[in-house]
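Spelled out, the chains give:
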Amino acid sequence: MKKAVQIALVLLLLQGCKGEESKAFEAEKQAVQTEREYKDALAAIEEANKMVNILTREGKYEEAGKYFAEDVVQLISGQPPIKGRQAWVEAQKEAAKLGDWNLELEVLDFQFLGDHAVERGRGIQTFLANDDSPIPSMELVGNYLVFWKKHSDGWKIQYDYVVVESPE
């Protein structure tokens, strides 16, 4: 009888260990999947940042606008808010009439939240004015915070906040 109880206890102990191994494996598997999703999201967002700049420089505003949610809100210090993708597209068209714009972004921090992500970074925007532009050529430096949302057709900017530093 003692031997049967001992065998039963050993079997229960082994079964319990097997359950712990399974939990550890699942946790490790989930961590690997989350890391892959993080890297994929960051790569897609960095690509989107580059594509928006390239497409905008080429005058393909509608195409660039596809990286923005339909109800995007963009706030840039010193400017009125831009609400909606179509308003963003129109703002880009109006800005292009003044001269050539180029934007270089550097991601400083990236938080992956599953179907959402937050990007914090620094940007340098250069502007080369047309001859009849009411504003001069300049270089603007600023910090930004973007809230991204994953849609069925990719990551899109939901909120874009930019604080432009005062020139020295």
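Residues numbered from 1 in each chain as written. Predicted model: local features only at pLDDT ≥ 70, side-chain atom pairs only at ≥ 80, totals over all residues. Heavy atoms only, no water.

Regarding the pattern of salt bridges
Proximity of charged atoms lets side chains of opposite charge pair with each other.
Logical step 1: Summed over the entire model, instances satisfying the criterion amount to eight salt bridges.
Logical step 2: Where Lys93 meets Glu90, a salt bridge forms, and the shortest distance between an N and an O atom there is 3.6 Å. Of this pair, Lys93 and Glu90 both sit in helix 3 (residues 85-96), three residues apart, which is roughly one turn of that helix.
Logical step 3: Of the residues examined, Lys93 reaches a relative accessible area of 30% and is grouped as partly exposed. (Salt bridge = Lys/Arg side-chain N within 4 Å of Asp/Glu carboxyl O. Helix = DSSP H or I, 4+ residues; strand = E, 2+ residues; numbered from the N terminus. Buried < 20%, exposed > 50% of the residue type's maximum accessible area, 1.4 Å probe, protein only.)

Describing the nonpolar core
Logical step 1: Formed by 21 residues in total, the largest nonpolar core has its most connected members in Trp88, Phe110, Trp148 and Trp155.
Logical step 2: Elements with a minimum of two residues in this core: helix 1 (2-57), helix 2 (61-65), strand 1 (68-76), helix 3, strand 3 (99-112), strand 5 (138-151) and strand 6 (154-164). (Core = buried A, V, L, I, M, F, W, Y, C linked by side-chain atoms within 4.5 Å.)

What to know about the packing of aromatic side chains
Logical step 1: Considering all chains together, one arrives at seven aromatic pairs under this definition.
Logical step 2: For the pair Tyr159 and Tyr161, a centre-to-centre distance of 6.3 Å together with 10° between the ring planes defines the contact as stacked.
Logical step 3: On the basis of relative accessible area, Tyr159 is assigned to the partly exposed category, the value being 34%.
Logical step 4: By relative accessible area, Tyr161 is classed as partly exposed at 34%.
Logical step 5: Aromatic rings pair up to connect Tyr38, Phe110, Phe112 and Trp155 into one cluster. (Phe/Tyr/Trp six-rings, centres within 6.5 Å; stacked < 30°, edge-to-face > 60°.)

Re the side chain of Lys156
Logical step 1: Within the secondary structure, Lys156 sits in strand 6.
Logical step 2: Dropping the residues within four chain positions of it, Lys156 is found in contact with Lys66, Tyr67, Phe68, Ala69, Arg85, Phe147, Trp148, Lys149 and His151. (Contact = heavy atoms within 4.5 Å.)

Describing the pairing of strand 3
Logical step 1: Relative to strand 4 (residues 116-129), strand 3 runs antiparallel, the two being bridged by 13 bridges. Across the sheet, the residue bridging to Glu106 is Arg122, located in strand 4.
Logical step 2: In this structure, the hairpin formed by strand 3 and strand 4 is closed by a connection of three residues, where Gly114 is found at a positive phi of approximately 80°. (Pairing = 2+ DSSP bridges.)

Points about the sheet that holds strand 2 (residues 82-83)
Logical step 1: Spatially, 2-1-6-5-4-3 is the arrangement adopted by the six strands of the open sheet, whose pairing is mixed. Strands at the two margins of the open sheet, each flanked by one partner only, are strand 2 and strand 3.
Logical step 2: Where strand 4 meets strand 5, twelve bridges bridge the pair, whose relative direction is antiparallel. Within the sheet, the bridge partner assigned to Gly123 lies in strand 5 and is Gly142.
Logical step 3: Strands strand 1, strand 2, strand 3 and strand 6 of the sheet are contacted by helix 3, whose axis makes an angle of about 55° with strand 1. (Axes fitted to C-alpha atoms, helices over the stretch in contact; angles between N-to-C directions.)

Bear in mind that shape data such as this cannot, by itself, settle questions of function.
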